[in-house]
4 protein chains.
Amino acid sequence: MTPAVAVHDKAEAILGAALELFVERGFHGTSVPSVAERAKVAAGTIYHYFSSKEALVNALYKRWKEALVAEITSSVDSSKAPREQFRSVWMRMAAFAIKYPKELAFLELHHHASYLDAECLGIERQVFDLGVLIVTEAQTIQALRNVPAGILLEFAQGAFVGIFRAAIEGRLPLTLETFQQAEQCAWEAVRG
Amino acid sequence: MTPAVAVHDKAEAILGAALELFVERGFHGTSVPSVAERAKVAAGTIYHYFSSKEALVNALYKRWKEALVAEITSSVDSSKAPREQFRSVWMRMAAFAIKYPKELAFLELHHHASYLDAECLGIERQVFDLGVLIVTEAQTIQALRNVPAGILLEFAQGAFVGIFRAAIEGRLPLTLETFQQAEQCAWEAVRG
Amino acid sequence: MTPAVAVHDKAEAILGAALELFVERGFHGTSVPSVAERAKVAAGTIYHYFSSKEALVNALYKRWKEALVAEITSSVDSSKAPREQFRSVWMRMAAFAIKYPKELAFLELHHHASYLDAECLGIERQVFDLGVLIVTEAQTIQALRNVPAGILLEFAQGAFVGIFRAAIEGRLPLTLETFQQAEQCAWEAVRG
Amino acid sequence: MTPAVAVHDKAEAILGAALELFVERGFHGTSVPSVAERAKVAAGTIYHYFSSKEALVNALYKRWKEALVAEITSSVDSSKAPREQFRSVWMRMAAFAIKYPKELAFLELHHHASYLDAECLGIERQVFDLGVLIVTEAQTIQALRNVPAGILLEFAQGAFVGIFRAAIEGRLPLTLETFQQAEQCAWEAVRG
DNA sequence: CATGAATGAGTTTTCATTCAT
DNA sequence: TATGAATGAAAACTCATTCAT
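The following refers to the structure shown.

1. Quick notes on the relation of the copies chain D and chain C
Expressed as a screw transformation, the operator carrying chain D onto chain C has a rotation angle of 180° and an axial translation of 0.1 Å, and the superposed copies differ by an RMSD of 0.1 Å. On the angle and the small slide along the axis, the relation comes out as a two-fold axis. When you check the interface residues of chain D against chain C, 100% turn up at the interface there too, and the contact is symmetric in its surfaces.

2. Topic: the protein's contact with DNA strand F
Around DNA strand F, the structure places 30 residues, and the nearest of them are B:T45, B:Y49, C:T45, C:Y49 and D:V32. Counting only the atoms of DNA strand F that lie within 4 Å of the protein, the sugar and phosphate share comes to 67%. Contact distances for DNA strand F include 2.5 Å between a phosphate oxygen and a side-chain N or O atom of B:T45. Measuring from a phosphate oxygen of DNA strand F, one finds a side-chain N or O atom of D:Y47 at 2.9 Å. Where the surface near DNA strand F is concerned, the elements lending two or more residues are helix 2 (32-39) and helix 3 (43-49) of chain A, helix 3 (43-49) of chain B, helix 3 (43-49) of chain C together with helix 2 (32-39) and helix 3 (43-49) of chain D. In terms of residue class, the surface near DNA strand F is built from 12 nonpolar, 14 polar and four charged.

3. A look at the relation of the copies chain A and chain B
For the match of chain A to chain B, the screw axis carries a shift of 0.1 Å, the RMSD comes to 0.1 Å, and the turn is 180°. Looking at chain A, 100% of its interface residues are interface residues in chain B too, so the copies touch through the same face.

4. Topic: the protein's contact with DNA strand E
If you check the shell around DNA strand E, you find 31 residues, and the closest are A:T45, A:Y49, B:V32, C:K53 and D:Y49. At the protein interface, 66% of the atoms of DNA strand E within 4 Å belong to sugar or phosphate. Between C:T30 and DNA strand E, the recorded distance is 3.3 Å, taken from a backbone N or O atom to a phosphate oxygen. Contacts to DNA strand E include D:Y49, whose side-chain N or O atom sits 2.3 Å from a phosphate oxygen. Elements supplying a minimum of two residues to the surface near DNA strand E: helix 3 of chain A, helix 2 (32-39) and helix 3 of chain B, helix 2 (32-39) and helix 3 of chain C together with helix 3 of chain D.

5. With respect to the environment of C:H8
Residues and elements named next belong to chain C. Assignment of secondary structure puts H8 in the segment before helix 1 (9-25). A residue is classified by how much of its surface remains accessible, and H8, at 42% relative accessible area, is partly exposed. Residues H8 and P173, spaced 165 residues apart in sequence, show a C-alpha to C-alpha distance of 35 Å.

6. With respect to helix 1 (residues 9-25) of chain A
Residues and elements named next belong to chain A. For helix 1, with 17 residues, the first-to-last C-alpha span of 24 Å sits near the 24 Å given by 1.5 Å per residue. Where helix 1 is concerned, the buried positions are A11, I14, L15, A17, A18, L19, L21 and F22. If you follow the buried residues of helix 1, they end up packed against helix 2, helix 3, helix 4 (53-74) and helix 6 (101-110). In the segment just after helix 1, G26 is the residue with positive phi, at about 80°.

7. Considerations on the interface of chain A and chain B
Counting from both sides, the interface comprises 34 residues of chain A and, opposite them, 34 residues of chain B. Among the salt bridges present, the one from B:R165 reaches A:E108, with a minimum N-O distance of 3.8 Å. For the side of chain A that touches chain B, the secondary structure elements donating two or more residues are helix 7 (118-140), helix 8 (149-168) and helix 9 (176-190) of chain A. Top element by residues in the side of chain A that touches chain B is helix 8 of chain A. It accounts for 11 residues. By residue class, the composition of the side of chain A that touches chain B is 15 nonpolar, 10 polar and nine charged.

8. Focus on unusual backbone geometry
One non-glycine residue, B:H112, adopts positive backbone phi at about 65°. Note that B:H112 resides in the loop between helix 6 (101-110) and helix 7 (118-140). Judged by its relative accessible area of 35%, B:H112 is partly exposed. Here the phi dihedral of C:Q142 falls at roughly 55°; this positive angle occurs in a residue that is not glycine. Along the chain, C:Q142 falls in the loop between helix 7 (118-140) and helix 8 (149-168).

9. Here we look at the interface of chain D and chain C
At the junction of the two partners, chain D supplies 34 residues and chain C supplies 34 residues. Buried area between chain D and chain C, both sides added, is near 2,800 Å², and the carbon and sulfur share of it is 65%. Ionic pairing is found between D:E154 and C:R171, a salt bridge with its closest N-O pair at 2.6 Å. Counting across the interface, chain D meets chain C through four residue pairs in polar contact (both at pLDDT 80 or more).

10. Here we look at the packing of aromatic side chains
This model, assessed by the stated rule, comprises 42 aromatic pairs over all chains. Each ring, one from B:F27 and one from B:Y115, has its centre 4.0 Å from the other, and the planes form 25°; the classification is stacked. Placement of the pair is B:F27 in the loop between helix 1 (9-25) and helix 2 and B:Y115 in the loop between helix 6 and helix 7, with a sequence separation of 88 residues. Take B:F27 and B:Y115: they sit in the same class, and that class is buried. Among the aromatic residues, those joined into a cluster by ring pairs are A:F22, A:F27, A:Y61, A:F106 and A:Y115. The ring of B:F27 is capped by B:K53, whose NZ or CZ atom sits 4.6 Å from the centre of that ring.

11. Quick word on the side chain of C:H111
The topology assignment puts C:H111 in the loop between helix 6 (101-110) and helix 7. Not counting residues within four places of it along the chain, the set of residues in contact with C:H111 comprises C:Y61, C:E124, C:Q157 and D:R165.

12. Let's talk about the packing of helix 4 (residues 53-74) of chain D against helix 6 (residues 101-110) of chain D
Residues and elements named next belong to chain D. Two numbers describe how helix 4 lies on helix 6: the axes approach to 10 Å, and their chain directions differ by 115°. By the angle between their directions, the pair helix 4 and helix 6 is classed as roughly perpendicular. Helix 6 is crossed by helix 4, and the crossing has left-handed handedness. Within the contact between the two elements, helix 4 uses V57, L60, Y61, W64, K65 and L68 and helix 6 uses E103, L104, F106, L107 and H110. Tallied by class, residues from the contact of helix 4 with helix 6 come to eight nonpolar, one polar and two charged.

13. Considerations on the pattern of salt bridges
Residue and element names in this part refer to chain D. Applying the stated criterion across every chain, the model contains 60 salt bridges over all chains. Of the charged contacts in the structure, one is a salt bridge between E24 and R38, with a shortest N-O distance of 2.9 Å. Remark: R38 occurs in helix 2 and E24 occurs in helix 1 (residues 9-25); sequence separation between them is 14 residues. Take R38: its relative accessible area is 33%, and that puts it in the partly exposed class.

About the criteria used
Residues numbered from 1 in each chain as written. Chains lettered and ligands numbered in written order. Predicted model: local features only at pLDDT ≥ 70, side-chain atom pairs only at ≥ 80, totals over all residues. Heavy atoms only, no water. Least-squares fit on C-alpha atoms with pLDDT ≥ 70 in both. Contact = heavy atoms within 4.5 Å. Near = heavy atom within 4 Å. Polar contact = N/O pair within 3.5 Å; in protein donor to acceptor, adjacent residues only side chain to side chain. Helix = DSSP H or I, 4+ residues; strand = E, 2+ residues; numbered from the N terminus. Nonpolar A, V, L, I, M, F, W, Y, C, P; charged D, E, K, R; others polar. Buried < 20%, exposed > 50% of the residue type's maximum accessible area, 1.4 Å probe, protein only. Expected span 1.5 Å × (residues − 1). Salt bridge = Lys/Arg side-chain N within 4 Å of Asp/Glu carboxyl O. Buried area = accessible area lost by both parts, 1.4 Å probe. Phe/Tyr/Trp six-rings, centres within 6.5 Å; stacked < 30°, edge-to-face > 60°. Lys NZ or Arg CZ within 6 Å of the ring centre and 35° of its normal. Axes fitted to C-alpha atoms, helices over the stretch in contact; angles between N-to-C directions. Parallel < 35°, antiparallel > 145°, perpendicular 65-115°, else oblique. Left-handed = near helix turned anticlockwise from the far one by under 90°.

Read these as geometric descriptors, not functional statements.
Dropping the structure here:
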């Protein structure tokens, strides 16, 4: 579940500091010196590991997006009943959200940003297309509501993100229970 | 529905230009000179109408948040049945989203940003509290599912935003029909 | 003889300061703040008038190269005898060197530098081609020695530059007399 | 003719790489890491052989200036006639220019630069003074034109450099013939 | 000897803001 | 009111140099 091993202490410190600051202040609101300060390295050191500030966000984005995607795809098991599959995916995402709240917040925040490179945007697209495929299949056996697959997908993802955001902003407890309750709502929303 | 009348052409041009740029590039990614250029005014002129760049976002945020809140609250009619009330609120928001997509995107993007002042954040809280009140009432008559009011609220709002984002990013058509289909899902999610 | 009128005081101050520093320390050895300091303007002001440090050298180069070229071309008078024409061109360049020593030193120093744009390099080529033409014509009437035109041209120009450099470096007096004496040598070198 | 034997491969590689880069981009335009990269050594290695970037240019300058001076002085033979002596010096310099074009270009480019130390500048002066002595002597027997010795010296050197530069910039062929033709011009310029 | 990660001062450049006109 | 030239602090990034390995 944990992504890429920490080969370089400094690089890891930089990635960690950057993650926090990008979540707190956004990409343009975060200066490279501020990242250096929080990572306790010199400003120049950042450029040993990342060719630019953009390369830094992209590295961060790719790392955690891949971790999230791995989490989701590994939780898909087509041998199970649709109800179980849905719960499984939702709750794995919930577990990820609870374990890596800053990281997920970062991914949410930088969704489709102009400074993400083609590769990062490609991962997004890929996941979306896979989602559409699975939903469409489930619709043929009437396991899911008969509306455009994109709507079901975006609806459920939006709902999840809504719950998650409320949790990290302190309006809901960031617990499995919160996500479980939301999951029941979500299933009713999408079921056939 | 349209907010505050345009007293000053220049001020309006500035607000319009700023809105677009803040959506395109974010607050920190937008420079005051670039706002001036798009608004076709001199950079100094912006400071006749707004004391700072922060004052500008806040003015923009307050204007459109209030417009959105007015839209939502005016669509609440407790004499109607819960199902009708829900549909009414959801579809009014949809109409707003279709009429003012950039403006709604702006509100979404700047949600809880550190440069928003207390007044702006206050509006948020206020709306949330009102929502909790209404939901809780509806729950007492078993019109809505018996889970914490906050969860229902954040779930529905998150789902709406998910659909809206997908629409402005081109993955779904930005039409009333899209929102109607999502509304049916949403009602099933929250109904008692 | 004086190039472009001084419309903007600050722009002129910047150009003047940059000229001096580029001569003293070279392009890469001169920092933008140091130019600002000598010009008595803020560092940012330089970027109101010149889009980059490169644009600044290019503006400077073009201005003075054109002034020099104008000086030389205006001194060509094909109705005069070859001996007189040669003396005329040489002494006009000498007058330019004495009047604008820093400026000529700047042009010499930045000859063919990698940061000069195509337009600047174009002027060089143009002048060279014109020179070859004139020399070749003079050779047909046996007024000039019968060696490749380029050799005569580069020889005479090199000799002139040698004298000029020695003068600004203090090894020769920077006077008309110095150039007159050199002119006699030069004519003997190239005459037919 | 070849200067200082290569004791250390690495040091030689560094000197060679530095020479090329200083010619291509100038002293301030060349970074130590770029020298290291072209020399295929680590950046730190450069500091084992040269105490600083300045020490590196100075070592390079001294090495090649001395080689050039040795070449010239060894070609002076006061027993020969002035015409022969002149040709001999000129053509030896030409041979040097053809054999070591980059090295000569380097010497030309860094002439009198502020980062050269006293020793380097001393060599310059010494050669100049020797030249003045020889020229003055030749003038007493009316072998050379009766103008200030410095003028003859700077004129001839300037002409040589002009031809050389044109050659390395591709406007003239870098061949003995080019220099022979220029030598005839030069002799006519300076002869008594 | 040789390396290259690490540093931090210095580079070019941008930008929020001011102010004389 | 409106302008836009001017400012200077701060941004992203580079680089000469050091030092632990």
